[in-house]
Amino acid sequence: MDMKKMMKQIQQAQTAAAKIQEDLAAKSVEGSASGLVTVTMNGHGKVTALKIKPEAVDPDDVEALEDLILVAIQDASAQADALQQDATRGLGLSGF
């Protein structure tokens, strides 16, 4: 294989990967648990916001709130993973 051609392909792949990373950082997804807890993540899976409705807060049942938060995080994380898979599908990569 021609070394110049290979180096050009590598550079194109790096440019494409950088663009994908930039695009993922700009996107956001929301995960929810019964509409009481909402977690927002960017396309990299980093939590950017957490909203808890007052009716989700019961001082006598903190465990229920913990469960709601966990479900919302898992929901948002699954959506962020799907964004990553969609973004990297054309590169033949499984994710970053």
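Residues numbered from 1 in each chain as written. Predicted model: local features only at pLDDT ≥ 70, side-chain atom pairs only at ≥ 80, totals over all residues. Heavy atoms only, no water.

**Q** So what about the overall build of the protein? Which residues, and what values?
**A** Each helix and strand in the protein was counted, giving two helices and three strands. In sequence order, the protein lays out its α and β elements as α-β-β-β-α. For the protein, whose C-alpha radius of gyration is 19 Å, the value lies well above the compact-globule estimate of 12 Å for 96 residues. Viewed in the frame of its principal axes, the protein has a C-alpha envelope of about 70 × 20 × 15 Å. When each of the 96 residues of the protein is scored for burial, the buried share is 23%. (Helix = DSSP H or I, 4+ residues; strand = E, 2+ residues; numbered from the N terminus. Rg over C-alpha atoms; globule rule 2.2 N^0.38 Å. Buried < 20%, exposed > 50% of the residue type's maximum accessible area, 1.4 Å probe, protein only.)

**Q** For the confidence of the model for the protein, give the residues involved together with the corresponding values.
**A** Summary statistics for the protein give a mean pLDDT of 89 and a share of 92% for residues scoring 70 or more. Mean pLDDT across the elements of the protein bottoms out in helix α1 (residues 3-26) (88) and peaks in strand β3 (residues 47-52) (96). (pLDDT = per-residue confidence, 0-100.)

**Q** Pulling in residues and values, what's your account of the nonpolar core?
**A** Ranked by internal contacts, the top residues of the largest apolar core, which has 14 residues, are V29, V37, V39, M41, L68 and A72. Every element with two or more residues in this core is listed here: α1, β1 (28-33), β2 (37-42) and α2 (62-88). With six residues, α2 is the single largest residue contributor to this core. Look past the residues within four positions of A72 in its chain and what remains in contact with it is G31, S32, A33, V37 and V39. (Core = buried A, V, L, I, M, F, W, Y, C linked by side-chain atoms within 4.5 Å. Contact = heavy atoms within 4.5 Å.)

**Q** Pulling in residues and values, what's your account of α1?
**A** The periodicity of an α-helix, 3.6 residues per turn, causes residues three or four places apart in sequence to face the same way. The terminal C-alpha atoms of α1, which comprises 24 residues, lie 35 Å apart, in line with the 34 Å expected from a rise of 1.5 Å per residue. Among the residues of α1, those classed as buried are A17, I20 and L24. At its buried positions, α1 is contacted by β2 and α2. Put simply, D2 is the residue that caps the front of α1, since its side-chain oxygen is 3.3 Å from the backbone nitrogen of K4. (Expected span 1.5 Å × (residues − 1). Polar contact = N/O pair within 3.5 Å; in protein donor to acceptor, adjacent residues only side chain to side chain.)

**Q** So what about the sheet that holds β3? Which residues, and what values?
**A** With antiparallel pairing, three strands are arranged side by side in an open sheet as β1-β2-β3. On the outer flanks of this sheet lie β1 and β3, each paired with one strand and no other. Taking the axes of each pair of neighbouring strands and ignoring which way they run, one obtains an average angle of 15 degrees across the sheet. In terms of strand pairing, β2 meets β3 through five bridges, oriented antiparallel. (Pairing = 2+ DSSP bridges. Axes fitted to C-alpha atoms, helices over the stretch in contact; angles between N-to-C directions.)

**Q** Let's hear about the pattern of salt bridges: which residues, and what values?
**A** The final tally for this structure, using the stated rule, is two salt bridges. Across the pair K19 and D23 runs a salt bridge whose closest N-O atoms are separated by 2.9 Å. Of the two residues, K19 and D23 both sit in helix α1, four residues apart, roughly one turn of that helix. The exposure class assigned to K19 is partly exposed, which follows from its relative accessible area of 44%. Residue class for D23 comes out partly exposed when judged on its relative accessible area of 30%. (Salt bridge = Lys/Arg side-chain N within 4 Å of Asp/Glu carboxyl O.)

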